[in-house]
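One letter stands for each residue in the lines below.
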Amino acid sequence: AVVSTQSTGYQMARTMTPSLLDQVFKNLGKMQEKFKDVADIFALYGQVLQDQRQFSAAEEKFLEAQRLAPDNVTYKAHVATLKMMAENNFDSALVLLNEAHEKDPKCDFVLENLGMIYIQKQMYPQALECFKKALELVKTEAEAAHLSALYIGIQCQWEVCDEYNVKPVSIADLQDFSQMMTAPQG
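Small disclaimer: the values here were computed from a predicted structure and weren't measured. (Residues numbered from 1 in each chain as written. Predicted model: local features only at pLDDT ≥ 70, side-chain atom pairs only at ≥ 80, totals over all residues. Heavy atoms only, no water.)

### Description of the overall build of the protein
Assigned secondary structure in the protein consists of 10 helices and 0 strands. Shown N-terminal to C-terminal, the secondary structure of the protein runs as helices and strands in the order α-α-α-α-α-α-α-α-α-α. Looking at the 186 residues of the protein, the share that counts as buried comes to 36%. Here the contacts in the protein between residues at least 6 apart in sequence split such that 47% fall between residues at least 24 apart. Within the structure as shown, the protein displays about 11,100 Å² of accessible surface, and the carbon and sulfur contribution to it stands at 54%. (Helix = DSSP H or I, 4+ residues; strand = E, 2+ residues; numbered from the N terminus. Buried < 20%, exposed > 50% of the residue type's maximum accessible area, 1.4 Å probe, protein only. Contact = heavy atoms within 4.5 Å. Areas by Shrake-Rupley, 256 points an atom, 1.4 Å probe, with all protein chains shown as cover.)

The following block contains the structure:
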(Lines give C-alpha, C1' and ligand atoms only; values in the text may rest on other atoms or scores of the structure.)
Protein backbone atom coordinates (compact mmCIF):
# COMPACT_ATOMS: atom_id res chain seq x y z
CA ALA A 1 0.00 0.00 0.00
CA VAL A 2 2.86 2.36 0.78
CA VAL A 3 4.40 1.73 -2.65
CA SER A 4 1.04 2.35 -4.30
CA THR A 5 0.65 5.66 -2.46
CA GLN A 6 4.12 6.77 -3.57
CA SER A 7 3.41 5.71 -7.13
CA THR A 8 0.24 7.80 -7.17
CA GLY A 9 2.14 10.72 -5.66
CA TYR A 10 4.78 10.44 -8.32
CA GLN A 11 2.24 10.32 -11.16
CA MET A 12 0.78 13.58 -9.86
CA ALA A 13 4.22 15.15 -9.36
CA ARG A 14 5.29 14.38 -12.93
CA THR A 15 2.81 16.91 -14.22
CA MET A 16 3.31 19.48 -11.48
CA THR A 17 6.10 21.46 -9.92
CA PRO A 18 9.71 20.42 -9.34
CA SER A 19 9.16 20.78 -5.59
CA LEU A 20 6.59 17.97 -5.68
CA LEU A 21 9.03 15.82 -7.60
CA ASP A 22 11.71 16.60 -5.01
CA GLN A 23 9.30 15.47 -2.31
CA VAL A 24 8.71 12.18 -4.14
CA PHE A 25 12.48 11.58 -4.28
CA LYS A 26 12.78 12.33 -0.55
CA ASN A 27 9.90 10.01 0.29
CA LEU A 28 11.33 7.21 -1.83
CA GLY A 29 14.72 7.65 -0.18
CA LYS A 30 13.10 7.40 3.27
CA MET A 31 11.07 4.36 2.25
CA GLN A 32 14.16 2.70 0.81
CA GLU A 33 15.94 3.16 4.15
CA LYS A 34 12.96 1.97 6.18
CA PHE A 35 12.06 -1.02 3.98
CA LYS A 36 15.46 -2.23 2.79
CA ASP A 37 14.11 -5.64 1.79
CA VAL A 38 11.09 -4.52 -0.27
CA ALA A 39 11.94 -4.91 -3.94
CA ASP A 40 8.94 -2.90 -5.16
CA ILE A 41 10.24 0.24 -3.46
CA PHE A 42 13.53 -0.05 -5.35
CA ALA A 43 11.64 -0.77 -8.58
CA LEU A 44 9.39 2.27 -8.15
CA TYR A 45 12.43 4.41 -7.38
CA GLY A 46 14.05 3.02 -10.54
CA GLN A 47 10.98 3.92 -12.60
CA VAL A 48 11.02 7.47 -11.28
CA LEU A 49 14.73 7.80 -12.05
CA GLN A 50 14.19 6.31 -15.50
CA ASP A 51 11.43 8.81 -16.23
CA GLN A 52 13.84 11.55 -15.20
CA ARG A 53 16.44 10.07 -17.60
CA GLN A 54 18.82 9.23 -14.75
CA PHE A 55 19.60 5.88 -16.32
CA SER A 56 22.62 4.75 -14.28
CA ALA A 57 20.88 5.42 -10.98
CA ALA A 58 17.72 3.74 -12.27
CA GLU A 59 19.65 0.64 -13.29
CA GLU A 60 21.13 0.40 -9.78
CA LYS A 61 17.64 0.46 -8.28
CA PHE A 62 16.28 -2.17 -10.71
CA LEU A 63 19.28 -4.43 -10.10
CA GLU A 64 18.74 -4.13 -6.36
CA ALA A 65 15.05 -4.98 -6.80
CA GLN A 66 16.11 -7.97 -8.90
CA ARG A 67 18.56 -9.07 -6.19
CA LEU A 68 15.83 -8.83 -3.54
CA ALA A 69 13.21 -10.67 -5.63
CA PRO A 70 15.04 -12.79 -8.22
CA ASP A 71 11.85 -14.56 -9.31
CA ASN A 72 10.15 -11.30 -10.33
CA VAL A 73 11.01 -10.98 -14.02
CA THR A 74 9.56 -7.48 -14.38
CA TYR A 75 12.71 -6.03 -12.81
CA LYS A 76 14.83 -7.65 -15.53
CA ALA A 77 12.40 -6.23 -18.08
CA HIS A 78 12.95 -2.76 -16.63
CA VAL A 79 16.72 -3.19 -16.97
CA ALA A 80 16.16 -4.26 -20.58
CA THR A 81 14.10 -1.13 -21.20
CA LEU A 82 16.96 0.94 -19.80
CA LYS A 83 19.39 -0.74 -22.19
CA MET A 84 17.10 0.21 -25.03
CA MET A 85 16.47 3.79 -23.87
CA ALA A 86 19.87 4.79 -22.55
CA GLU A 87 22.17 2.91 -24.91
CA ASN A 88 20.02 2.05 -27.95
CA ASN A 89 21.26 -1.47 -27.23
CA PHE A 90 18.40 -3.54 -28.58
CA ASP A 91 20.42 -6.76 -28.72
CA SER A 92 21.32 -6.60 -25.02
CA ALA A 93 17.71 -5.75 -24.18
CA LEU A 94 16.51 -8.69 -26.25
CA VAL A 95 18.83 -11.09 -24.39
CA LEU A 96 17.53 -9.86 -21.01
CA LEU A 97 13.90 -10.07 -22.11
CA ASN A 98 14.34 -13.57 -23.52
CA GLU A 99 15.88 -14.64 -20.20
CA ALA A 100 12.92 -13.14 -18.37
CA HIS A 101 10.47 -14.79 -20.77
CA GLU A 102 12.11 -18.19 -20.28
CA LYS A 103 11.75 -17.79 -16.53
CA ASP A 104 8.12 -16.63 -16.71
CA PRO A 105 6.45 -17.10 -20.09
CA LYS A 106 3.17 -15.70 -18.72
CA CYS A 107 4.41 -12.25 -17.76
CA ASP A 108 2.49 -9.80 -19.95
CA PHE A 109 4.93 -6.97 -19.15
CA VAL A 110 7.87 -9.00 -20.46
CA LEU A 111 5.90 -10.00 -23.57
CA GLU A 112 4.95 -6.37 -24.26
CA ASN A 113 8.55 -5.26 -23.96
CA LEU A 114 9.72 -8.13 -26.16
CA GLY A 115 7.21 -6.95 -28.74
CA MET A 116 8.58 -3.42 -28.53
CA ILE A 117 12.12 -4.66 -29.12
CA TYR A 118 10.96 -6.73 -32.07
CA ILE A 119 9.35 -3.61 -33.54
CA GLN A 120 12.64 -1.73 -33.26
CA LYS A 121 14.39 -4.64 -34.96
CA GLN A 122 11.65 -4.69 -37.63
CA MET A 123 10.70 -8.26 -36.69
CA TYR A 124 6.97 -7.68 -37.03
CA PRO A 125 5.66 -11.28 -36.95
CA GLN A 126 7.49 -11.81 -33.63
CA ALA A 127 6.20 -8.50 -32.28
CA LEU A 128 2.63 -9.40 -33.19
CA GLU A 129 2.98 -12.82 -31.56
CA CYS A 130 4.26 -11.24 -28.34
CA PHE A 131 1.44 -8.68 -28.25
CA LYS A 132 -1.13 -11.40 -28.96
CA LYS A 133 0.16 -13.55 -26.08
CA ALA A 134 0.34 -10.52 -23.77
CA LEU A 135 -3.26 -9.61 -24.63
CA GLU A 136 -4.35 -13.02 -23.37
CA LEU A 137 -2.63 -12.37 -20.04
CA VAL A 138 -3.41 -8.73 -19.15
CA LYS A 139 -5.42 -8.02 -16.05
CA THR A 140 -7.04 -4.66 -16.76
CA GLU A 141 -9.04 -3.02 -19.52
CA ALA A 142 -6.48 -0.24 -19.79
CA GLU A 143 -3.68 -2.74 -20.42
CA ALA A 144 -5.84 -4.54 -22.96
CA ALA A 145 -6.59 -1.27 -24.77
CA HIS A 146 -2.92 -0.32 -24.83
CA LEU A 147 -1.80 -3.70 -26.17
CA SER A 148 -4.64 -3.82 -28.69
CA ALA A 149 -3.55 -0.46 -30.06
CA LEU A 150 0.04 -1.69 -30.37
CA TYR A 151 -1.08 -4.91 -32.03
CA ILE A 152 -3.38 -3.21 -34.54
CA GLY A 153 -0.85 -0.46 -35.30
CA ILE A 154 1.97 -2.91 -36.01
CA GLN A 155 -0.30 -5.21 -37.99
CA CYS A 156 -1.38 -2.30 -40.21
CA GLN A 157 2.17 -1.03 -40.64
CA TRP A 158 3.43 -4.48 -41.57
CA GLU A 159 0.59 -5.07 -44.07
CA VAL A 160 1.07 -1.67 -45.75
CA CYS A 161 4.84 -2.13 -46.00
CA ASP A 162 4.35 -5.60 -47.42
CA GLU A 163 1.68 -4.53 -49.91
CA TYR A 164 3.66 -1.54 -51.23
CA ASN A 165 7.05 -3.20 -50.87
CA VAL A 166 8.49 -0.44 -48.68
CA LYS A 167 10.81 -0.72 -45.74
CA PRO A 168 9.57 0.87 -42.51
CA VAL A 169 11.76 3.47 -40.85
CA SER A 170 13.77 2.12 -37.94
CA ILE A 171 15.53 3.85 -35.05
CA ALA A 172 18.84 3.15 -36.82
CA ASP A 173 17.52 4.87 -39.96
CA LEU A 174 16.55 7.92 -37.93
CA GLN A 175 19.94 8.01 -36.23
CA ASP A 176 21.73 7.76 -39.59
CA PHE A 177 19.55 10.58 -40.94
CA SER A 178 20.22 12.70 -37.86
CA GLN A 179 23.98 12.18 -38.19
CA MET A 180 23.82 13.02 -41.88
CA MET A 181 21.92 16.25 -41.17
CA THR A 182 24.31 17.36 -38.42
CA ALA A 183 27.55 16.42 -40.20
CA PRO A 184 29.64 19.37 -41.34
CA GLN A 185 29.19 20.18 -44.99
CA GLY A 186 32.46 20.10 -46.82
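### Comments concerning the nonpolar core
If you look at the biggest cluster of nonpolar residues, it comprises 46 residues, and the most contacted ones within it are Leu97, Val110, Leu114, Ile117 and Phe131. If you list the elements that add at least two residues to this core, you get α2 (18–34), α3 (39–51), α4 (55–68), α5 (73–87), α6 (90–103), α7 (108–120), α8 (124–137) and α9 (141–164). Among all residues touching Val110, those that are not within four sequence positions of it are Val73, Ala77, Leu97, Ala100 and His101. (Core = buried A, V, L, I, M, F, W, Y, C linked by side-chain atoms within 4.5 Å.)

### Some details on the side chain of Asn113
Examined against the element boundaries, Asn113 turns out to sit in helix α7. A relative accessible area of 10% places Asn113 in the buried class. If sequence neighbours within four positions are ignored, Asn113 has contacts with Ala77, Thr81 and Leu97.

### Quick notes on the pattern of salt bridges
Under the criterion given, the structure shown has 8 salt bridges. A salt bridge links Lys83 to Glu59, with the nearest nitrogen and oxygen atoms 3.4 Å apart. Of this pair, Lys83 sits in helix α5 while Glu59 sits in helix α4, and the two are 24 residues apart along the sequence. One salt bridge in this structure joins Glu64 and Arg67, with 2.6 Å as the shortest N-O distance. (Salt bridge = Lys/Arg side-chain N within 4 Å of Asp/Glu carboxyl O.)

### What about unusual backbone geometry?
The phi dihedral of Gln122 falls on the positive side, at around 60°, and the residue is not glycine. By secondary structure assignment, the location of Gln122 is in the loop between α7 and α8. Gln122 sits in the partly exposed class, given a relative accessible area of 24%.

### Points about a nonpolar patch on the surface
On the surface, Val160, Tyr164 and Val166 cluster together into a nonpolar patch covering about 300 Å² of accessible area. Considering the arrangement of structural elements, one finds Val166 in the loop between α9 and α10 (171–182). When its relative accessible area of 43% is taken as the criterion, Val166 is described as partly exposed. (Patch = residues over 30% accessible without salt bridge, like charges linked within 9 Å, V, L, I, M, F, W, Y side chains within 5 Å.)

### Observations regarding the packing of α3 against α5
Put simply, α3 and α5 touch, their axes get as near as 11 Å, and they point 15° apart. With respect to each other, α3 and α5 are oriented roughly parallel. The chirality of how α3 crosses α5 is left-handed. Note on element contacts: α5 touches α3 through Tyr75, His78, Thr81, Leu82 and Met85, opposite Ala39, Asp40, Ala43, Gln47 and Gln50. Grouping the amino acids of the contact of α3 with α5 by side-chain chemistry returns 5 nonpolar, 4 polar and 1 charged. (Axes fitted to C-alpha atoms, helices over the stretch in contact; angles between N-to-C directions. Parallel < 35°, antiparallel > 145°, perpendicular 65-115°, else oblique. Left-handed = near helix turned anticlockwise from the far one by under 90°. Nonpolar A, V, L, I, M, F, W, Y, C, P; charged D, E, K, R; others polar.)

### With respect to the packing of α6 against α7
At a minimum axis distance of 10 Å, the contact between α6 and α7 shows a crossing angle of 150°. What the angle tells us is that α6 and α7 run roughly antiparallel. Here α6 and α7 pass one another in a crossing that is left-handed. Along the contact surface, α6 presents Phe90, Ala93, Leu94, Leu97, Asn98, Ala100 and His101, while α7 presents Val110, Leu111, Asn113, Leu114, Ile117, Tyr118 and Gln120. Per-class residue counts for the contact of α6 with α7 are 10 nonpolar, 4 polar and no charged.

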